[in-house]
Amino acid sequence: MQLFDLSGRVAVITGGNGGIGLGMAKGLAAAGATIVVAGRDAAKSQSAVDELAAAGGKASAIPVDVLQEASCRALIDQTVTAHGRLDILVNNAGMSIRKQPEQYTLAEWHTVLDSNLTSAFLCSHAAYAAMKQVGGGKIINIGSMMSIFGAPFATAYAASKGGMVQMTKSMATAWAKDNIQVNAILPGWIDTALTRRAREQVAGLHESVLKRTPAARWGAPDDFAGIAVFLAAPASDFVTGATVAVDGGYSSQA
Ligand code: NDP
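Presented here is a report on the structure given in the accompanying data block. (Residues numbered from 1 in each chain as written. Predicted model: local features only at pLDDT ≥ 70, side-chain atom pairs only at ≥ 80, totals over all residues. Heavy atoms only, no water.)

## Thoughts on the packing of helix α4 (residues 106-133) against helix α5 (residues 155-175)
Item 1. Relative to each other, α4 and α5 sit at 15 degrees, their axes nearing to 8 Å. The orientation of α4 relative to α5 falls into the category roughly parallel. For the element pair α4 and α5, the recorded crossing hand is right-handed. In contact with Trp109, Val112, Leu113, Asn116, Leu117, Ala120, Phe121, Ser124, His125 and Tyr128 of α4, α5 contributes Thr155, Ala156, Tyr157, Ala159, Ser160, Lys161, Gly163, Met164, Met167, Met171 and Trp175. (Axes fitted to C-alpha atoms, helices over the stretch in contact; angles between N-to-C directions. Helix = DSSP H or I, 4+ residues; strand = E, 2+ residues; numbered from the N terminus. Parallel < 35°, antiparallel > 145°, perpendicular 65-115°, else oblique. Left-handed = near helix turned anticlockwise from the far one by under 90°. Contact = heavy atoms within 4.5 Å.)

## Quick word on the packing of helix α1 (residues 19-30) against helix α2 (residues 42-54)
Item 1. Across the interface, α1 lies against α2 with an axial gap of 10 Å and an inter-helix angle of 30 degrees. Every pair of crossing elements has a handedness; the one defined by α1 and α2 is right-handed. The segment α1 lies against α2, with Leu22, Ala25, Lys26 and Ala29 engaging Ala48, Glu51 and Leu52.
Item 2. Of the residues belonging to the contact of α1 with α2, the class tally is five nonpolar, no polar and two charged. (Nonpolar A, V, L, I, M, F, W, Y, C, P; charged D, E, K, R; others polar.)

## Re the site of the ligand
Item 1. The local shell around the ligand holds 28 residues, among which Asn17, Lys44, Asn92, Tyr157 and Thr192 are the closest.
Item 2. Side-chain polar atom of Asp65 to a nitrogen atom of the ligand: 2.9 Å apart, as the coordinates give it.
Item 3. Tyr157 is positioned such that a nitrogen or oxygen atom in its side chain is 2.6 Å from an oxygen atom of the ligand.
Item 4. For the ligand, whose unbound accessible area comes to 880 Å², protein coverage reaches 94%.
Item 5. Elements supplying a minimum of two residues to the shell around the ligand: α1, α5 and α6 (193-201).
Item 6. When residues of the shell around the ligand are assigned to their parent elements, the largest contribution, three residues, is made by α6.
Item 7. Its residues placed into classes, the shell around the ligand shows twelve nonpolar, eleven polar and five charged. (Near = heavy atom within 4 Å. Polar contact = N/O pair within 3.5 Å; in protein donor to acceptor, adjacent residues only side chain to side chain. Areas by Shrake-Rupley, 256 points an atom, 1.4 Å probe, with all protein chains shown as cover.)

What follows is the structure in C-alpha cells.
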C-alpha cells in the first residue's frame, strides 16, 4: 500500500543498534526504507545491521556520539553523502541517571539533558536543510511516560523528556511550511537494556508495571515497528506536533 511505502526513503535512527531503536528500524526497513543505524558501540551497530540485512532490509552503520555537536552534524552529512538524501530522522538515543534530585551534580544533569534533549535538537537542526532539499521529511522524537508524569528518581530524565514534547510541538509549527512533520512517541515500560538495569535497582518495579499496565505486560521493541512506519510514511502527512503513547494503556489508567 502506497500510504505505508517507504521505498527510496533514507532513515537515520540514533540508538538504532538496540532496544526500541532497533524495533523501529526493523519496521522502517520492512516498509522499504534504507536504514542508517547510528550509535556509539560499533559491534552492537554491526550486529543490528546484520540482523536487518538478514531479514531482507537495506542497512548500514554510521558511528555517532550524540553528546558531541560535531558528531551529530557529521552523521547527517555522511548519510547524505552515502545515500544522496535524508527523509526520516528518529531521535531515539537516550539514557538516565537514577538519583534523587538533591544527589545530582550539575555535570550529571547536563549529561542527561544533553543525551536526551539537546541531541535531538542538534540532529534535527542538522537534518533540516537535507530534508528541505528533498521536499520534506519526517522527524520522530522518543519521549517517555516521564514526558507526562514525574518520579523521585527521574528529575533530569523527566525534564529532558517533557522538553522533548514541547520541542516537538515547536519544530512542528516551524517546519510545517517545509512539509516536515515532527511527532513524538511516548513509550510505556518496555523490556530493553535500559529498563533491565532499572528492574535490578528498583525493588517491586516489575510487579508494579504489570499491575499498572492495562495490557498486563511489558512492551517489546517490536511494538514500535508499526508506529514508526506510520509516522515516517505518507499516511501521516497531516499529522504533526502530535504525541502518541505506545504504552499498553499505562497513561490512560487512573
Ligand atoms: P537502550 O539502552 O537499549 O537504548 C539506548 C540507545 O541510545 C542505545 O542504542 C545507545 O547506543 C544510544 N545512546 C545513548 N547515549 C548515546 C550517545 N551519547 N550517542 C549515541 N548513542 C547513544 O534503551 P531503550 O531502547 O529502552 O531506549 C531508547 C529510547 O527510548 C531512549 O530515548 C529512552 O529514554 C526511551 N524510552 C525507553 C523506555 C523503556 O521502557 N525502555 C520508556 C520510555 C522511553 P550505544 O549502546 O551505541 O551507546
